[in-house]
Every structure is written in C-alpha cells, then in structure tokens.
Amino acid sequence: MDGKHADLHLHTNFSDSTFTPAEVVLQAGSVGISTLAITDHDTTAGIQPAIDTGSKLNIEIIPGIELTSSIKEDEVHILGYFINRQDGWFQARLNKLSQARLERLSEMVKTLNRAGIILTAEEVLEITGNPASVGRMHVALALLHKKIVSSAEEAFQKFLRKGCPAYVGVESFGLSPSDSIQIIRKAKGIPVLAHPKVTGKDDYIPEFIKDGLMGIEVYHSEHSQSVARHYRSLAEKYNLLITGGSDCHGLGKGKILSGSVKLPYVFVERLRQAHEKIIYETGAGIGKTGVGQS
Ligand code: AMP
Ligand code: ZN
Ligand code: FE
Ligand code: FE
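Residues numbered from 1 in each chain as written. Chains lettered and ligands numbered in written order. Predicted model: local features only at pLDDT ≥ 70, side-chain atom pairs only at ≥ 80, totals over all residues. Heavy atoms only, no water.

Visitor: Even after reading the chapter, I still don't get the coordination of the iron ion (ligand 3), so can you show me in this structure?
Guide: Four donors placed tetrahedrally about a metal ideally form angles of 109.5 degrees, and six donors placed octahedrally ideally form angles of 90 or 180 degrees. Looking at the iron ion (ligand 3), one finds its protein donor set to be Glu66 (OE), His77 (ND1) and His195 (NE2), positioned 2.1 Å from the metal centre. The sequence motif formed by the donor residues of the iron ion (ligand 3) is E-x10-H-x117-H. (Donors = N, O, S within 2.8 Å, 3.2 Å for Na, K, Ca; no water.)

Visitor: Honestly, the coordination of the iron ion (ligand 4) in this entry has me stumped. Any pointers?
Guide: The protein atoms that coordinate the iron ion (ligand 4) are His9 (NE2), His11 (NE2), Glu66 (OE) and Asp247 (OD), at distances spanning 2.1 to 2.2 Å. Here the iron ion (ligand 4) is ringed by four donor atoms whose angles at the metal span 77 to 166°, and the overall shape comes out irregular. Motif for the iron ion (ligand 4), donor spacing along one chain: H-x1-H-x54-E-x180-D. In this structure, the iron ion (ligand 4) lies 4.6 Å from the zinc ion (ligand 2). Of this pair, His9 sits in strand β1 (residues 5-10) while Asp247 sits in the loop between β7 (241-245) and β8 (263-264), and the two are 238 residues apart along the sequence. (Tetrahedral: all angles 85-135°; square planar, octahedral: opposite > 155°, others 65-115°. Helix = DSSP H or I, 4+ residues; strand = E, 2+ residues; numbered from the N terminus.)

Visitor: I keep staring at helix α3 (residues 88-114) and nothing clicks. Help me out?
Guide: The α-helix advances 3.6 residues per turn, and as a result positions three or four apart in sequence lie on the same side. When the terminal C-alpha atoms of α3 are compared, their 40 Å separation across 27 residues agrees well with the 39 Å that a helix rising 1.5 Å per residue should span. Considered for burial, the residues of α3 that qualify are Phe90, Arg93, Leu94, Leu97, Ala100, Arg101, Arg104, Leu105, Met108, Val109, Thr111 and Leu112. At the exit of α3 stands Gly116, carrying a positive phi of roughly 90°. (Expected span 1.5 Å × (residues − 1). Buried < 20%, exposed > 50% of the residue type's maximum accessible area, 1.4 Å probe, protein only.)

Visitor: When you look at the environment of Ser70 in this model, what are you seeing that I'm missing?
Guide: Inspection of the secondary structure assignment puts Ser70 in strand β3 (residues 60-71). Classification of Ser70 by relative accessible area gives buried; the value is 12%. Between the C-alpha atom of Ser70 and that of Ser180, which follows or precedes it by 110 residues, the distance is 9.6 Å. With residues up to four places along the chain from it excluded, the contact list for Ser70 reads Glu75, Val76, Val170, Glu171, Leu175, Ser176 and Pro177. (Contact = heavy atoms within 4.5 Å.)

Visitor: Would you mind showing me how to read unusual backbone geometry here?
Guide: Positive phi is not limited to glycine here, since Asp42 has a value of about 60°. On the accessibility criterion, Asp42 (3% relative accessible area) is buried. Of note in the backbone geometry, Lys188 takes a positive phi value of approximately 65° without being a glycine. Within the secondary structure layout, Lys188 lies in the loop between α7 (177-186) and β5 (190-193).

Visitor: How should the sheet that holds β7 be read in this particular structure?
Guide: Strand pairing in a sheet relies on backbone hydrogen bonds. The paired strands run either parallel or antiparallel. Ordered by their spatial adjacency, eight strands build an open sheet running β7-β6-β5-β4-β3-β2-β1-β8, and the pairing between neighbours is mixed. On the outer flanks of this sheet lie β7 and β8, each paired with one strand and no other. Direction of pairing for β1 relative to strand β2 (residues 35-38): parallel, over a ladder of three bridges. Along β2, the bridge assignment pairs Asp7 with Leu36. Along the sheet, helix α10 (residues 225-238) makes contact with β6 (215-220) and β7, crossing β6 at roughly 160°. (Pairing = 2+ DSSP bridges. Axes fitted to C-alpha atoms, helices over the stretch in contact; angles between N-to-C directions.)

Visitor: Sorry if this is basic, but what is going on with the layout of surface pockets here?
Guide: Empty space among the atoms becomes apparent when a probe as large as a water molecule is rolled across them. The space that makes up the largest pocket amounts to roughly 870 Å³. Glu75, His77, Arg136, Phe156 and Val198 are the residues nearest the centre of the largest pocket, which is lined by 30 residues in total. Tallying contributions element by element places helix α6 (residues 152-160) first for the lining of the largest pocket, with four residues. Grouping the constituent residues of the lining of the largest pocket by class yields six nonpolar, 10 polar and 14 charged. Computed from the structure, the second largest pocket encloses a volume of approximately 250 Å³. Where the lining of the second largest pocket is concerned, the elements lending two or more residues are β6, α10 and β8. In terms of residues, the lining of the second largest pocket owes the most to one element, α10, which gives four residues. Residues of the lining of the second largest pocket, tallied by class, amount to six nonpolar, five polar and three charged. (1 Å grid on protein atoms, 1.4 Å probe; cavity = no way out; pocket = protein on both sides within 12 Å on 5 of 7 lines; lining within 4 Å. Points joined across faces, edges and corners; volume = space filled by probe spheres on them. Nonpolar A, V, L, I, M, F, W, Y, C, P; charged D, E, K, R; others polar.)

Visitor: What am I meant to see in the side chain of Thr53 here?
Guide: Its location among the elements puts Thr53 in helix α2 (residues 47-57). Residue contacts for Thr53: discarding those within four places in its chain leaves Ala22 and Val25.

Visitor: Explain the packing of α3 against helix α5 (residues 136-145) here, please?
Guide: For any two helices packed against each other, one specifies the inter-axial angle together with the distance between the axes. Look at α3 against α5: their axes get within 10 Å of each other, and the N-to-C directions meet at 40°. With respect to their mutual orientation, α3 and α5 come out oblique. Of the two elements, α3 crosses α5, and the hand of that crossing is right-handed. Judged by residue contacts, Arg104, Leu105, Met108 and Leu112 of α3 engage Arg136, Val139 and Leu143 from α5. Considered class by class, the residues forming the contact of α3 with α5 number five nonpolar, no polar and two charged. (Parallel < 35°, antiparallel > 145°, perpendicular 65-115°, else oblique. Left-handed = near helix turned anticlockwise from the far one by under 90°.)

Following this line, the structure appears as structure tokens:
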C-alpha cells in the first residue's frame, strides 16, 4: 500500500491489553503503522510511555481515550482524540471511573464466587499487573490464568457477556454517551463513536451528533467491508469525521489485531485539522489570549 497508514484504536496494559505501551508501538511499527492512537478504556496513563517509545522509532502517537458510557443498559464507547490529558478536572473524572471499576470488579467476583468459582479481586489485580482501569477482560485473563477457562473468549461466553451470570453493567460509572462527548469536548478532544456495529444502535447516532459527536469509527477489526460501507455513508450523510482502528488488545482477544486496519493518513490529517480548529476557536490559538491555555 502507498503512503502512511494509521491505527487509531489501540489498548495497552494500563487498561485491558496484554501489551505494554512500548510493545504496542513496536508491534504496530512492525506491521507498517507509522501513526497510532493509544485509546485505553478510561485512562490516559499509557500515552506518555508510548510517546517515549514512538519518538525513538519515529512513530507518531496521538493521545486518545475510549470512555465507557451507557444508555438504557447499552454500553456505548466514545473515543476521544487529541485530548488535553493534563487538565486536572479531566484526571479527577478518570479517577472516579477507576474507582467505579474497582467496585464493579468486586461485584463481578462476588457473582463468580456464588457460582462456586474461587477468585478474589486482589488476585485479578495481581495476575493482570494492577491496571489503572480494571474491567471484564482482566477477570477473563485471571480465569484463564487459573485454568477455569481455556481462553479469554470462553470466559466472556460463559460468564462475562451481557446476559451471563457474572455480567455487571457499567451504569454505575455514571456516564451517558452525551456526558462522555461533553467531557472530551471540554478536554479539547474530538469525540468519535467507537465500533458502531458492536454497539448496534444506529438510532442513537442523530442524538449523539446533537450532543456534539464529531466522528464515527468506520473501519474496525469487527467491521466487514459492507459494514464499513454502511458507516461510511452515514458519516457522509451527517458530515462526520471518519476514523479507523484495530482495537488490538495484545493477545487478549486471542490474536494480535494491530495491522488489521490500516487507515490512510488523509483521515488523520482531517482529524488534526478539526482539533486545530477547536483549539483556535476556544481561544488558545494565535491572535487570542488569556483563555484556554490550561
Ligand atoms: P468493560 O469495559 O469492563 O465492560 O470491558 C469491555 C471490554 O471487554 C471490551 O473493550 C473488550 O476488550 C472486552 N470484550 C467484551 N466482549 C468480549 C468478547 N466477547 N470477547 C473478548 N473480549 C470482549
Ligand atoms: Zn477493551
Ligand atoms: Fe470499545
Ligand atoms: Fe477498544
């Protein structure tokens, strides 16, 4: 393929990938990705270590996040690109999410215990290296480590997906998609609807746009070509930015997905231009003074 390519959806072991930030960058680089976004669930802790590795390998790192939100018991993930992660209020909100995730972990473990499975929250954290953002994948990996299941996928099928005994929703995190969109906008980022096919509720999209959504993840490792065509036409209809990424979780999803989506660089340029426009319009740009510098 000609030109530069990006992968705008990658997790690290600060959330639920089995790869460290350095491994994520090395792996993506080895499959021909020259720009990548770190988009951990509800934490930005993996970004700086990725930047450190990226600068040595000449790989561009875009700061990102994937905020977990819910609407009517449906989990909706909102990606945020070019977020200003240094903002104190932003980190305070992420700390609350981290706490809510720990409480949810206790709930999940209690349900598993009731089903006769011997597991503690401390064990989950220890086995998975004490992530900043703990979730279902960590429980799956702990069950795998203890040989209760033979793959993380099996843990999801038997225990952790919606409708299963140990499923605990994310309503307690207290974020609607609208809240997530607003948080990302306030942090001067670009809010993008993650893997819309996985969420499977296109009816919400016009509402999200009214709330300030600016983009849609057209290309994703779980989107077939026809699915991608569908969301591309939605993006054109609503004048949304187009993004794409592998959603690689290291070995967590059974295989390494980075390289499965190679987004042409022109989409990164459009995303960056949208971000620069926000910065300019909110007063941090040339010719305006005093505000928006935090
Ligand atoms: P959580 O944020 O704790 O609700 O976990 C959501 C994450 O779980 C997703 O980002 C995926 O990494 C993982 N996940 C959800 N469903 C599955 C599945 N069926 N197989 C593998 N991983 C899954
Ligand atoms: Zn995940
Ligand atoms: Fe997601
Ligand atoms: Fe993801």
